[in-house]
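Coordinates in review
The primary structure of each chain is shown beneath.
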Amino acid sequence: MRTLRRGAGPVALMVTALLLALLPTTAAQAAGTGEQNWCAVQGIASPEAHRAIDAACAEWRARTVYTWGGGHGPAPGQSYGTWDLSSPSHFEETALDPQTRGFDCSGFARWAWSRAAGYDILGGGTAWDMYVNGGRKYQQVHGAGGGKPAVSDMQPGDLVYTAVGGQVKDITHMMIYLGGGYVVEAYQSQLPIRVIDINSRISDNRLVGVSRMPQGSPFTEPTGYDGTLQVTWGTDVAVRQHPNRSAGQVTRLSGPDIVYAKCQQRGERVTAEGYTNDAWTYLSNRGGWISNIFLRGPAWLPEVPTCSGSDYDAQIGPGGGGDATQGGAYGTWGTDVALRSQPSTVNGTTVARLAGPTSVAVSCQMHAQSVTSEGYTNDAWSYLPQYGAWITNIYLKGDAWLAGVPACDGRGTATPVGAHAYSTWGTGVTIRSTPSAGAGVVTRLSGPTGVAVSCQKHAESVTAEGYTNDTWSYLPEYQGWVSNIYMKGDAWLDGVRNCVIPGVS
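In this text, all values refer to a predicted model and were calculated from it rather than measured experimentally.

**A look at the sheet that holds strand S6 (residues 182–185)**
Taken in spatial order, the 6 strands of this open sheet run S3-S8-S4-S5-S6-S7, and their pairing is antiparallel. Among the strands making up the open sheet, the edge pair consists of strand S3 (139–141) and strand S7 (194–197). Across the sheet, the mean angle separating the axes of adjacent strands is 35° when strand polarity is ignored. Those strands touched by helix H3 (residues 47–61) are strand S5 (173–179), S6 and S7, and its axis lies near 110° from that of S5. The strands that helix H5 (residues 105–117) touches are strand S4 (159–162), S5 and S6; relative to S5, the one it contacts most, it runs at about 45°.

**Notes on unusual backbone geometry**
Non-glycine residue arginine 63 carries a positive phi angle of around 55°. Among the secondary structure elements, arginine 63 is positioned in the loop between H3 and strand S1 (79–80). A positive phi angle, close to 60°, is found at asparagine 205, a residue other than glycine. With respect to the helices, strands and loops of the structure, asparagine 205 is situated in the loop between helix H7 (199–202) and strand S8 (207–212).

**As for the pattern of salt bridges**
Under the counting rule described, the total for this entry stands at 12 salt bridges. One salt bridge in this structure joins aspartate 170 and lysine 169, with 3.1 Å as the shortest N-O distance. Look at aspartate 170 and you get partly exposed, because its relative accessible area is 30%. Each of the salt bridges in this network shares a partner with another, and the network as a whole consists of Glu35, Glu185, Arg194 and Arg201.

**Some thoughts on the state of the cysteines**
Throughout the structure, instances matching the rule amount to 2 disulfides. With its sulfur 2.0 Å from that of its partner, cysteine 39 forms a disulfide with cysteine 57. Of note, the bridge from cysteine 39 to cysteine 57 carries an S-S torsion of about -70° and is left-handed in sense. Of this pair, cysteine 39 sits in the loop between helix H2 (25–28) and H3 while cysteine 57 is found in helix H3, placing the two residues 18 residues apart along the sequence. In this structure, cysteine 39 and cysteine 57 share a single accessibility class: buried. Between the sulfur of cysteine 263 and that of cysteine 307 lies a disulfide, 2.1 Å long from S to S. Between cysteine 263 and cysteine 307, the S-S dihedral sits near 95°, and the bridge is therefore right-handed. One end of the pair, cysteine 263, is in strand S12 (residues 258–272); the other, cysteine 307, is in the loop between strand S14 (288–291) and strand S15 (329–331), with 44 residues separating them in the sequence. Judged by its relative accessible area of 0%, cysteine 307 falls in the buried class.

**Some points on the environment of glycine 123**
Relative to the helices and strands, glycine 123 resides in the loop between H5 and helix H6 (127–132). Once residues lying within four places of it in the same chain are set aside, the contact partners of glycine 123 are Arg110 and Met130.

**Describing the packing of H3 against H5**
The geometry of H3 relative to H5 is characterised by a closest axis approach of 7 Å and an angle of 135° between their N-to-C directions. As judged from the angle between their axes, H3 and H5 are oblique. For the element pair H3 and H5, the recorded crossing hand is right-handed. Counting all contacts with H3, which are made through Glu48, Ala49, Arg51, Ala52, Ala55, Ala56 and Glu59, the residues of H5 involved are Phe108, Trp111, Ala112, Trp113, Arg115 and Ala116. Of the residues contributing to the contact of H3 with H5, the split by class is 9 nonpolar, no polar and 4 charged.

**Observations regarding H3**
With 15 residues, H3 should reach 21 Å at 1.5 Å per residue; the first-to-last C-alpha distance of 21 Å fits that figure. Taken residue by residue, H3 has Glu48, Ala49, Ala52, Ile53, Ala55, Ala56, Cys57, Glu59 and Trp60 as its buried positions. Looking at the buried side of H3, the elements it contacts are H5, S5, S6 and S7. After H3 finishes, the residue arginine 63 shows a positive phi value of roughly 55°.

**Section: a nonpolar patch on the surface**
On the surface, a cluster of nonpolar side chains totalling about 220 Å² of accessible area is made up of Trp128, Val132 and Val168. Counting through the fold element by element, valine 132 comes out in helix H6. Here valine 132 falls in the partly exposed class, since its relative accessible area comes to 35%.

**Here we look at the environment of methionine 175**
In this fold, methionine 175 is placed in strand S5. With relative accessibility at 1%, the residue methionine 175 sits in the buried group. Between the alpha carbons of methionine 175 and leucine 159 there is a distance of 5.7 Å; along the sequence they are 16 residues apart. Contacts of methionine 175, omitting those with residues within four sequence positions, involve Asp158, Leu159, Val160, Thr162, Val183, Val184, Glu185, Arg201 and Ile202.

Criteria and cut-off values
Residues numbered from 1 in each chain as written. Predicted model: local features only at pLDDT ≥ 70, side-chain atom pairs only at ≥ 80, totals over all residues. Heavy atoms only, no water. Pairing = 2+ DSSP bridges. Helix = DSSP H or I, 4+ residues; strand = E, 2+ residues; numbered from the N terminus. Axes fitted to C-alpha atoms, helices over the stretch in contact; angles between N-to-C directions. Contact = heavy atoms within 4.5 Å. Salt bridge = Lys/Arg side-chain N within 4 Å of Asp/Glu carboxyl O. Buried < 20%, exposed > 50% of the residue type's maximum accessible area, 1.4 Å probe, protein only. Disulfide = S-S within 2.5 Å. Parallel < 35°, antiparallel > 145°, perpendicular 65-115°, else oblique. Left-handed = near helix turned anticlockwise from the far one by under 90°. Nonpolar A, V, L, I, M, F, W, Y, C, P; charged D, E, K, R; others polar. Expected span 1.5 Å × (residues − 1). Patch = residues over 30% accessible without salt bridge, like charges linked within 9 Å, V, L, I, M, F, W, Y side chains within 5 Å. Areas by Shrake-Rupley, 256 points an atom, 1.4 Å probe, with all protein chains shown as cover.

Put into structure tokens, the structure is as follows:
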């Protein structure tokens, strides 16, 4: 990794002064704590930092706005936001975000550094996730004595994290450091990305820490490897000769690693770490197969091609699923059905049209723009990897939210096959992280909603709407729990089993 030394003597100071003199006049002379009318690298920066800041500043010039949850689709880039339901004031502030494309703070950083690194190096998590889960992908910057860094310790391209009180557990925001004491940030719903003095953003002990992204030869792409760069997670992960658990081991990954995904296909169904998946990916730089459970991202990676021809491995082991192209075998219905570049009839361009009912592969699904057509209304869209496009679930045979298809949320959360289709009733219905009225809020359903229910259990008793019930149902597409009071049907849903799923408690 290339490092830039400070205080290296008069020659270094002269070089720095000359470089600063070459900056645009508006940037070099900018001062004050208000919003700035420029966006550019300030000072000496690596090529990677230049690329990241160039991508960030392009969004600044385009006046791209903040939208809560924006930038967290299956791949980096602008996306529709969602409501922040953590408090009434936050909900009010983000009321228009589900109809607004843009970035939140971490989605913005994810996009900028994906352009610099050439792959989704930060992943789709929150600012907190990005700070604590870096692994070998990037390093933390420390100040004197190992404490928090000063502004003078920062370099252009660094990621700056803040929280009220300055504690890691409370991280709520992140910014990209431009150098010269300035940051570029996506910071408030419906307002455009801005450049501002860093001291106005880290005062009152709000600075938590700084991450430095990979720069220089240790992360330069080696020659001779095919595929897209991906990142693994977990420890002691096996890479095998074939896409099944009985195949011989090629190697084991001791911790998170950067790998090259040549192609993916269906193989033996594996359950590990609370997930079940039958997708496997061939790693060209490891010479073997890894279960997609251990690759960051959706269960089926939209950017990785499907194995075909000589790349397809027929030794899929017991319980293998499907053919080489499917992400779940489904069928469309209707005629002249549009497939779009984004999950939106407004912003998504038409990629192709299906003349009639068609068998398709579905790799993942997500909640996006609500569509009304053919007498149905649905906000679920599915990604069809063989077309590289999205289809509204209205035109897919099956439930409004497809059982067995993972969410395009970066977590690969699968809706179990056999999950039951139910509907909620009421307005403002709360989905919680655990089956308790005091648990954290995952989301709220604004009105009656079709949902998949994978299991139910007896837990905290709740009284609401004139009913009392201690049964809660698990909704896998939301990764949360709802009181059965708000499920249409009996107090204990007929045909839905008791929860005994690992990782669901």
